[in-house]
Amino acid sequence: WDACKTYIENGTFKSWVIRLDDVDLESLIAKCVRDCSPNWDLTLEIFVQQLAQKSKVPLPKPALKVIAQTTDFGVVHEKSLKSLQWQIANTTRGYLQGKIILENCSWLEVACQEFAIHQQKTLTLCIALNCIALKPQSLPDGDLEGRIVFEPHPALGLPKQEIQVHAKNVNADALLTSASI
């Protein structure tokens, strides 16, 4: 994989294809480089997918899977910190890249808002509720709802995944938070 990235980056693939006199393949490499560089992992993934499609070779795309063992924060007090660890996996071949979007849940924090996972690898993600910084009394009373969206890079053509997140602002001293897939 790393050698192929280097060949695309330094123009070796392009030179090789020019010598083969394959105009379609040459334009395919140029398009991938134009659309995805300087992310050479993504460039190579898109090139491999399009080459397989052009050659009519069946090739599975990367597959995003969000694994949440538990989604319940339990009771959170004003001066507490709680977090959950979820995993994002690429369950097939290739390279998977995307971003993590917190929608209507400013009461949660995620350390990294982008992800990149190679074939059959897993990335651990920490979702935190920080009541020290949050000040629960600043939240509206009652139920809070939001979504955590895992959105693959658009060039990969993969569906996004969402996790619904719920919280209940019990009072100024406690916040009951839970999430469900």
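Draft legend 1. Structural view of the packing of helix α1 (residues 2–9) against helix α4 (residues 40–54). Remark: α1 packs on α4, axes separated minimally by 9 Å, with the N-to-C direction vectors making an angle of 95°. For the element pair α1 / α4, the angle class is roughly perpendicular. Contact residues: Cys4, Lys5, Ile8 and Glu9 in α1; Trp40, Asp41, Thr43, Leu44 and Phe47 in α4.

Draft legend 2. Geometry of the nonpolar core. Counting 39 residues, the largest nonpolar core has Phe47, Ile148 and Phe150 as its most contacted members. Here Ile148 is in contact with Trp86, Ile100, Ile101, Leu102, Cys105, Leu108, Ile127, Gln161, Glu162, Ile163 and Val165, once residues within four sequence places are set aside.

Draft legend 3. Quick peek at the state of the cysteines. Across all of its chains, the model carries zero disulfides by this definition. In this structure Cys32 is a free cysteine whose sulfur lies 6.2 Å from that of Cys36, the closest cysteine sulfur available. On the basis of relative accessible area, Cys36 is assigned to the buried category, the value being 6%.

Draft legend 4. Structural view of the side chain of Asp41. Structurally, Asp41 can be placed in helix α4. A polar side-chain atom of Asp41 sits 2.6 Å from a polar atom in the side chain of Trp1. Here Lys5 takes part through its side chain, which lies 3.3 Å from a polar atom of the side chain of Asp41. In this structure Asp41 touches Trp1, Lys5, Tyr95 and His118, once residues within four positions along its chain are discounted.

Draft legend 5. Inspection of the packing of aromatic side chains at higher detail. Applying the stated criterion across every chain, the model contains three aromatic pairs. Ring pairing ties together the aromatic residues Tyr7, Phe13, Trp16 and Phe47, which thus form one cluster.

Draft legend 6. Representation of the environment of Leu64 within the structure. In this structure, Leu64 sits in strand β1 (residues 64–67). The buried category is assigned to Leu64, whose relative accessible area is 12%. Placed 32 residues apart in sequence, Leu64 and Leu96 show a C-alpha to C-alpha distance of 7.5 Å. Here Leu64 is in contact with Ile88, Ala89, Leu96, Phe115, Phe150, Pro152, Pro159 and Gln161, once residues within four sequence places are set aside.

Rules and cut-offs
- Residues numbered from 1 in each chain as written.
- Predicted model: local features only at pLDDT ≥ 70, side-chain atom pairs only at ≥ 80, totals over all residues.
- Heavy atoms only, no water.
- Axes fitted to C-alpha atoms, helices over the stretch in contact; angles between N-to-C directions.
- Helix = DSSP H or I, 4+ residues; strand = E, 2+ residues; numbered from the N terminus.
- Parallel < 35°, antiparallel > 145°, perpendicular 65-115°, else oblique.
- Contact = heavy atoms within 4.5 Å.
- Core = buried A, V, L, I, M, F, W, Y, C linked by side-chain atoms within 4.5 Å.
- Buried < 20%, exposed > 50% of the residue type's maximum accessible area, 1.4 Å probe, protein only.
- Disulfide = S-S within 2.5 Å.
- Polar contact = N/O pair within 3.5 Å; in protein donor to acceptor, adjacent residues only side chain to side chain.
- Phe/Tyr/Trp six-rings, centres within 6.5 Å; stacked < 30°, edge-to-face > 60°.

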